[in-house]
Amino acid sequence: MKKRKALLFSLTAVGIWFAVPEKEMEAAFSDVNKDFWAEESIEYLNEEGIIGGYPDGTFRPGESITRIQAASMMVKALNLETTGRSAPDYEDISVGYARSGIVAAVNEEGIMSGNGNQFRPGEKITRAQMAAVLRRGFELGEYSEILFTDIDRSYWSFTDITTIAYHGITTGYEDGTFRPGNETTRAQFAVFLDNVMNLGENSAGNYDGIYPLQGGEVSRNGWTYTIRNHELVRYTEEEEEKEVILSDEEVTGDYFHDGGDWDANDADGLTEGTPLTIKGDWIYYTIHYRTGTHSGNKNFHLYRVRTDGTEKEQILNEPVDHYYIADRHIYYIGYEDHREMQDSYWKRARLDGSARTKLTSLQPEERQYYFDKHANNKYALEADGDSVYYSTESAIFQMNLNGQKQQRLINVPGRDMLLHKRSLYAGSYRGFYKISPDGSGHEQLSDEPVLDIAEIGDCLIVLTENKVYSYEEETSELKIVDELPVPATDFSRRDVALERTTGNNALLYFVNSNGKDPFYLIQEGEVTSSITMEEGFFQNVLAKERGNYYFTFGAESEGMIYKAEGSTKQWKSLGTIRDDLLHLYQDDTFIAVGKTKADEPNLTIIADAVNQEPKTFEVSLPLVSARRIEGLEKDGQIITFQLLGAEETEQQMRDRYEITFDLASGELMKMEKRE
């Protein structure tokens, strides 16, 4: 189908915005001239045989569209068969009704349905109903975060509305509302239908409103933005392209790192898992600036940078937790004691960091971290739309962004809370709860004490003392993933982790050197494979890309490198490396280098690339120690990289060797010292 660029058009008279295609043809209806804002969409759909006008030659673009008219357009747009289907069981759709086949088609395909025994073909369709029809009909990937001030999570078509807005099919009004009860005109529906039929590959995240896109990964206009390996990066779908927006080197001066024996205050800089917010062409992000000497609290400062990596600037030079951007303000938890992060307040500042204001004193419960330990959201607190949800030691409360209108939601404290789809979920020592964000009620899903909750796609991972569960809101089913070999509280929190990679994929593991350490591969929100490691101990995750995870597991002096392979759902051992392990992942290729035997110059090189079997090489180099891998280049199956090290014990790193091998044949082609 013809793809066409879209322009953003404003009906300034009524303050509503639409994505409107560029003009290409003359109008076909007497009341739709070439200057009419929706003319191209109307002409395009007319040319495709999807819409038509009235016998008098008019289109009547300002009239509200009826349910049967919308159904007819959807049937034609989706090329649905209208014959041979079961007759619709509606009192107002008789067997002889001329469009009964259309009703049967949209009903059977789950696109439109009636209310009880009535289809109401002549009833006007609202903007909320329009959103539901388009999302269901074109099976758009769901987006479930608040984008409009008048659409909260409890609204019946919340996900439908946020999804079509997220894909740029519609936006809303300039005041941040969507006005779901307004009737949809024929012209508006034509534009919406044209937009969804011609969605480009870069449609996800084509939105910028009062509540900007926020999260650990943010997709916008074909790019996904995230922090990985201490870099702020963006990548395209399937990671065909990847760009570094900010490197660790570019932010080195923004955080404290002394190293050596005085590392109590050392920080990590750009930290994986911390949230990003994209507002206009600004990316807001936090830097782990310093660690408290006595408290051990992690102090994050807020920065922003343009999406092209320019104009980096500090916004808040004070400890910041749970920052949230709404309209023209930043809301966050700040502290009276900046150094040790004591005496917390809910605060507000402008987008440039000015006009900082304490809104209310707030002392929420600290989260119990097992899964996402690095994100700067240390409390059981979630901001969403115009609401803030937080837990005290006795109950869960709601207030508005300005710290007012506080109300108690449930007399249960939350060890962890998160918003997922249309509900607020809380884990407590009293069980697992699903809470209506509007305060209308709650449901206890389990009475088993919950230690932590994490969201991966459509799935929640729930950790209790002895089990790992998964939960899906659509089915309301809490399923046991596995029973832990020992109680979860026997694991230290640093030995439980949820390592995320692109999309809805993660590696979950529990390690405590007891000889039975479970690892779980999670894909698209479901546990697809697991393994129990024995006879050794977990060392660390080396790399995670494209749903694959590389990690080491073994004895203290040597470790087997394993790969959890997303495409095959298999666990593969790649080889053993002893001391001085170095690794690099670049251009879909993983390289690991380390000693073959202690106190000998021989090195083992392990290489693994997409669609190739892993290869192991042994080389002899006069190096006392290898220090760094860099400069990896790939030409087909020929891999070249630089290995830096020292040839003498007291020597600083300055010897450079270039190594080239054929990944397909396993042949070592060249190894020479570079000056």
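Okay, so let's go over this structure. Just so we're clear, the structure is a prediction, and the values are computed from it rather than from any experiment.

Calculation criteria
Residues numbered from 1 in each chain as written. Predicted model: local features only at pLDDT ≥ 70, side-chain atom pairs only at ≥ 80, totals over all residues. Heavy atoms only, no water. Helix = DSSP H or I, 4+ residues; strand = E, 2+ residues; numbered from the N terminus. Buried < 20%, exposed > 50% of the residue type's maximum accessible area, 1.4 Å probe, protein only. Contact = heavy atoms within 4.5 Å. Pairing = 2+ DSSP bridges. Axes fitted to C-alpha atoms, helices over the stretch in contact; angles between N-to-C directions. Expected span 1.5 Å × (residues − 1). Core = buried A, V, L, I, M, F, W, Y, C linked by side-chain atoms within 4.5 Å. Salt bridge = Lys/Arg side-chain N within 4 Å of Asp/Glu carboxyl O. Phe/Tyr/Trp six-rings, centres within 6.5 Å; stacked < 30°, edge-to-face > 60°. Lys NZ or Arg CZ within 6 Å of the ring centre and 35° of its normal.

**Regarding the environment of Gly 353**
One can find Gly 353 in the loop between β15 (342–350) and β16 (357–361). Using a relative accessible area of 7% as the deciding quantity, one classes Gly 353 as buried. Setting aside residues no more than four positions away along its own chain, Gly 353 makes contact with Ile 315 and Leu 316.

**Quick look at the sheet that holds strand β31 (residues 517–523)**
Spatial ordering of the open sheet is given by β29-β30-β31-β32, a layout of 4 strands whose pairing is antiparallel. Strand pairing shows two members of the sheet lacking a second neighbour, β29 (496–500) and β32 (526–533), which therefore form its edges. Between one strand axis and the next, the sheet turns through 15° on average, direction left out of account. Here 5 bridges tie β29 to strand β30 (residues 506–510), and the two strands are oriented antiparallel to one another. Paired with Glu 499 across the two strands is Leu 507, which belongs to β30.

**Thoughts on unusual backbone geometry**
Positive phi outside glycine occurs at Glu 139, with the angle close to 50°. The topology assignment puts Glu 139 in the loop between α4 (127–138) and α5 (158–166). Among the residues examined, Glu 139 registers a relative accessible area of 70% and is labelled exposed. A positive phi is found at Lys 569, a non-glycine position, where the angle reads about 60°. Looking at the secondary structure, you find Lys 569 in the loop between β35 (559–565) and β36 (570–577).

**Topic: helix α6 (residues 186–197)**
Here α6 spans 16 Å end to end across 12 residues, near enough to the 16 Å set by a 1.5 Å rise per residue. Most of α6 sits inside the fold, with 12 of its 12 residues counted as buried. Among all positions in α6, only Arg 186, Ala 187, Gln 188, Phe 189, Ala 190, Val 191, Phe 192, Leu 193, Asp 194, Asn 195, Val 196 and Met 197 are buried.

**A few points about the nonpolar core**
Membership of the largest hydrophobic core comes to 95 residues, with the highest contact counts inside it found for Leu 134, Leu 193 and Leu 232. Leave out the neighbours within four places in its chain, and Leu 193 touches Leu 45, Ile 50, Met 73, Met 74, Ala 77, Leu 134 and Phe 138. Listed in part, the 35 residues of the second largest apolar core include Ala 488, Tyr 520, Met 533 and Tyr 549.

**Regarding the pattern of salt bridges**
One pass over the full model with this rule turns up 36 salt bridges. Here Asp 281 makes a salt bridge to Arg 306, at a shortest N to O gap of 2.5 Å. Taken as a pair, Asp 281 in the loop between β9 (276–279) and β10 (282–291) and Arg 306 in strand β11 (residues 298–306) lie far apart in primary sequence, 25 residues in all. Under the relative-accessibility criterion, Asp 281 is labelled partly exposed at 37%. Beyond isolated ion pairs, a larger network of salt bridges with shared partners links Arg 135, Glu 142, Asp 160, Lys 421 and Asp 458.

**With respect to the sheet that holds strand β8 (residues 242–246)**
Hydrogen bonds between backbone atoms are what pair the strands of a sheet, whose relative direction is either parallel or antiparallel. Reading across from one edge, β5-β6-β7-β8 is the order of the 4 strands in this open sheet, with antiparallel pairing throughout. Of all strands in the sheet, those with a lone pairing partner are β5 (217–220) and β8, marking the two edges. Geometrically, the sheet is characterised by an average inter-axis angle of 25° between neighbouring strands, direction not taken into account. Alignment of β5 against strand β6 (residues 223–228), held across 4 bridges, turns out to be antiparallel. Residue Ser 219 lies in a different strand from β6, and its bridge partner there is Thr 224.

**Some remarks on the packing of aromatic side chains**
As enumerated under the stated definition, the model contains 24 aromatic pairs in all. Centroid distance Tyr 285 to Tyr 303: 5.8 Å. Interplanar angle 20°. Geometry classified as stacked. Of this pair, Tyr 285 sits in strand β10 while Tyr 303 sits in strand β11, and the two are 18 residues apart along the sequence. Residue Tyr 285 is classed as buried on the basis of its relative accessible area of 0%. With a centroid separation of 5.9 Å and 25° between ring planes, the pair formed by Tyr 425 and Phe 432 is classed as stacked. Considered together, Tyr 425 and Phe 432 belong to a single accessibility category, that of buried residues. Three or more aromatic residues joined by ring pairs form one cluster here, namely Tyr 509, Phe 519, Phe 551, Phe 553, Tyr 562 and Trp 571. For the cation-ring pair, Arg 186 lies above Phe 59, with the distance from its terminal atom to the ring centre recorded as 4.3 Å.

So, to be careful, I would describe these as geometric facts and stop short of saying anything about function.
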